[in-house]
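Structural overview
Letter by letter, the chains look like this.
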Amino acid sequence: MERIEIEKLLHKMTLKEKIGQLVQLTGDFFNDQPEIIETGPMKKLGFLEGQYDIYNTGSILNIVNTSEIKDIQRNYLEKNKNKIPLLFMADVIYGYKTIFPIPLAQTCSWNFEMIESSAAILAKECYETGLHVTFSPMVDIVRDPRWGRVMESPGEDTLLAKKYSESMVKGIQGEVSEDVIPEHKIASCVKHFAAYGAPRAGIEYGAVELSNDSLNNYYLPGYRSAIDAGVKMVMTAFNTLNGVPCTGNQWLNQTVLREKFGFSGVLIADYAAIEELKSHGYTETDIQSALKAIESTVDIDMKTSVYANHLAMLAQKNPVIEQLINQATTRVLQLKNDLGLFEDPYRNIETTRKSSILSAEHRQTSQKLAEESIVLLKNNGVLPLKQDQALSVVGPYGDEKNALGFWAITGDIEETITLKEGLVEKKDKMNWTINSSLGATFLDESEYQLFGKYERMFEKPHLSDEELLSDAIEKSKHSDTIILAMGESVYQSGEAGSRTSLSLHPNQLRLLKNLKKLNKKIVLILFSGRPLILEEIVDDVDAILYAWYPGNNGGMALANILTGEVNPSAKLSMTFPRSVGQIPIHYNINTTGRAIDKGNPYHRFSSRYIDAPNEPLYSFGYGLSYTNFTYSEFRISKNRMSEEESVVVSIQVENSGSLKGKEVVQLYINDVSSSIVRPVRELKDFVKIELAPGEKRTIAFVIDKEKLGYYNEIDNFVIEKGLFEIIIAKDSQDDRFVEKLYVE
Ligand code: GLC
């Protein structure tokens, strides 16, 4: 309906009916036994008795099946006086039933067209189910793999985060021109605002302390890209930012988000975050929490009774609060209007065919994205695997279906194609024999209790550790190549999955060391939600493929890579440390006054560790291929420019190997001197190309002020005259091609 109709509806509503629109509850509040609701979930959540009518509630969290959505909506509309439909929102982060690789893997593809396609499939499957909003994308920049939610993040780089953010919002919402969300699309919610990915010591929910430079130049641009792409909702972050909780942070939410970034949509609190303002020590009472949150323009209170219990009283004492409530209610009603819910509360759910959910086409897209997300970290020639050989598939991920990642909450693990299943599919064509053995468990049984409600998800093996090991040795001793699939359980990362040790579990290390004694070729395949510490095992294996959590068809993607049908092309979107001691670690670091002198690397008084190199094990932008790419003919059109001009840098790339392959050619800049020192290098552009053997192509990048500028201390985007270095590279450590550029 027209916006003017929204205003008329608002004027019809009582204060309590408006406040109800600002409350989000879960489905258990709407089962068909109202008499127990009051004494059950409402009492548990602290609703003041008789003060709240659940049939004024604005939205529902994580009801994800069509029949329940229809039943709750129908029952609700019978009871809601104004006939305002419910919004149904859910955590569909990287796929509804068709599950894609985790976001940290997806950005290793550097293929944002394909990421947008995955988001469109996510949206279509949600639309067909009857969901209206997904709490995706998460675009928190991360530099600390101890934090469990790096798996959900686009990684450490701001440019990749911006591209991921834009691609996901466009894929989920479509090109939002006149506000209306079209058919087969739903509303997107970017999260967590802001900088949730930088917690103290990598501990979950930890405090975040960041300078304006870090916020403006690294952590905030990803969210802003979502807003520029028309995202309909933003979710607050759990953490404090420089001492103020994000969910009650007026500077962050009003000044930055709404005024500076121009966001006019719905701001939803993360789960119970309004009530947690007290736990942060930011308020003493729920009344104060309600006031802080509504004053910072938080529109929806997710799963607490704070708004329901206290906003009316606050509004009666202060007309400004009533105005804020009217504004918040208008934003929620507008979102419902943008989704067409007033015209059709079910969004064609009755007529929409469910044909696309987990369709072969959707699975194929997931598989293609996985094939471009799996990173080849090491290969001494053992890959691609040859025909006519005996393989043994060993390890806890050899045949494990629970490999979709922590946030695949709507996925069905039975739909996972495992590594072994993928290899068996190739067996006849490759003339392989395949043996398999579990070899080791993820954890010791005594550790399962550390995982709270997820303890029951760990299967207890039928064999003892010793029996598992001896079976693996027995199954492998006659093989030619061991495919060793290990890593961390999906419950070791994700929300509240922070870890202090990132090495493989001792059970798995023991398995590797014992298999090594067989003197067989070993291909290590790692499944993980984060960069693990690999330094102690790199030399024990002949190849390493980092699979992350590769989605429903992960086993097929891996099999295609192992046979060489697919040539790996992924490049790391997050740095791999040598040890936990190097963390936080990332490529775009600021130098120091005493950088290491390469001619005198052990000079005492230089910026280094005395017990390890400064460099990571694998750097941002790194990834191998089965072919080789030769870079040459590096050129710059001129070495001087005014800030209004631009220059062109170019390089020739040749596929000098024997297999077709894809390469990500990366453009970095280094602002050699500036009012606020800039990092030793920053990714400013890239292009992913495919070359046949022997094929050459010249890649050119335009360097203009957009690529040379940064946000200064008064938050202005500036380009400063002086010397820059322009770098074209195959990864963030590659310094073979550097040209100087003077901005006059
Ligand atoms: C969780 C997460 C957030 C999610 C929300 C709803 O705690 O922090 O990402 O969208 O609650 O489940």
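Structure shown above.
Every chain begins its residue count from 1, and numbering advances along the sequence as written. Side-chain atom pairs in this predicted model are given and counted only at pLDDT of 80 or more, local residue features only at pLDDT of at least 70, and totals for whole chains, interfaces and linings cover all residues. To get the side-chain values, all heavy atoms of the structure are used, and hydrogens and water are removed first.

Our next topic: the overall build of the protein. Numbered from the N terminus, helices here are DSSP runs of H or I no shorter than four residues, and strands are runs of E no shorter than two. From N to C terminus, the protein includes 20 helices and 26 strands. The burial tally for the protein puts 61% of its 744 residues in the buried class. Long-range pairs, those at least 24 residues apart, make up 78% of the contacts in the protein between residues at least 6 apart in sequence. For the protein, the exposed area adds up to about 28200 Å²; of that, 49% sits on carbon and sulfur atoms. Positive residues here are Lys and Arg, negative ones are Asp and Glu, while His and the chain termini are left out of the count. We put the charge of a Lys on NZ, of an Arg on CZ, of an Asp on CG and of a Glu on CD. Between the mean site of the 81 positive side-chain charges and the mean site of the 102 negative ones, the protein shows a separation of 2 Å. A 1.4 Å probe rolled over the protein chains alone gives each residue an accessible area, and that area as a share of the maximum for its type sets the label: buried under 20%, exposed over 50%, partly exposed in between. Any pair of residues with heavy atoms lying within 4.5 Å of one another is described as a contacting pair. For every accessible area listed, the method is Shrake-Rupley and the probe measures 1.4 Å; residues are considered covered only by the protein chains on display.

A 1.4 Å probe that fits but cannot get out identifies a cavity on a 1 Å grid over protein atoms alone, an open set with protein on both sides within 12 Å along at least five of seven lines counts as a pocket, and a residue lines either if it has an atom within 4 Å of a point. Grid points are joined across faces, edges and corners, and a volume is the space filled by probe spheres set on the points. In this structure, the largest pocket occupies an estimated 1200 Å³ of space. Along the wall of the largest pocket there are 35 residues; nearest its centre are I589, N614, E615, V680 and Q733. For the lining of the largest pocket, a count of residues per class yields 16 nonpolar, 12 polar and 7 charged. Considering only enclosed or pocket space, the second largest pocket measures out at about 1100 Å³ in volume. Surrounding the second largest pocket, 41 residues form its lining, F406, I409, K453, Y454 and E495 being those nearest its centre. Split by residue class, the lining of the second largest pocket holds 20 nonpolar, 11 polar and 10 charged. Ten residues, namely Ala, Val, Leu, Ile, Met, Phe, Trp, Tyr, Cys and Pro, are considered nonpolar, four, namely Asp, Glu, Lys and Arg, are considered charged, and the remaining ones, Gly among them, are considered polar.

Our next topic: unusual backbone geometry. A194 follows F193 through a cis peptide bond whose omega is 5 degrees. On the secondary structure map, A194 appears in the loop between β5 (187-193) and α8 (212-219). At the junction of I583 and P584, the peptide bond is cis and its omega measures out at 0 degrees in the coordinates. Its identity as a non-glycine residue notwithstanding, D388 has a phi of 55 degrees, on the positive side. Residue position: D388 is located in the loop between β11 (375-379) and β12 (390-394). Given a relative accessible area of 53%, D388 falls into the exposed group. The backbone of D715 shows a phi angle near 70 degrees, a positive value even though the residue is not glycine. On the secondary structure map, D715 appears in the loop between β23 (710-711) and β24 (717-718).

Here we take up helix α18 (residues 506-516). Taken residue by residue, α18 has N507, Q508, L509, L511, L512, N514 and L515 as its buried positions. Of the surrounding secondary structure, the elements contacted by the buried residues of α18 are β12, α17 (465-476), β14 (481-487) and β15 (521-527).

A separate point is helix α16 (residues 419-430). Multiplying 1.5 Å by the residue count of a helix minus one yields the expected span of that helix. In this model, α16 (12 residues) spans 16 Å end to end at C-alpha, consistent with the 16 Å of a helix rising 1.5 Å per residue. What α16 keeps buried is the set L419, G422, L423, K426 and M430. Down the axis of α16, the sector holding all buried residues measures 90 degrees, keeping them to one side. In this structure, the buried side of α16 is in contact with β12, β13 (433-437), β14, β15 and α19 (554-563). Two residues or fewer after α16 comes N431, characterised by a positive phi angle close to 55 degrees. Note that the arc is defined by the directions from the helix axis to the C-beta atoms.

Across the sheet, 5 strands lie side by side as β18-β26-β25-β20-β21; this open sheet has mixed pairing. Each end of this open sheet is capped by a strand with a single partner; those strands are β18 (640-641) and β21 (682-691). A pair of strands is treated as paired once DSSP finds two or more bridges between them. Where β18 and strand β26 (residues 738-743) come together, 2 bridges link them in parallel fashion. Paired with R640 across the strands is Y742, a residue of β26.

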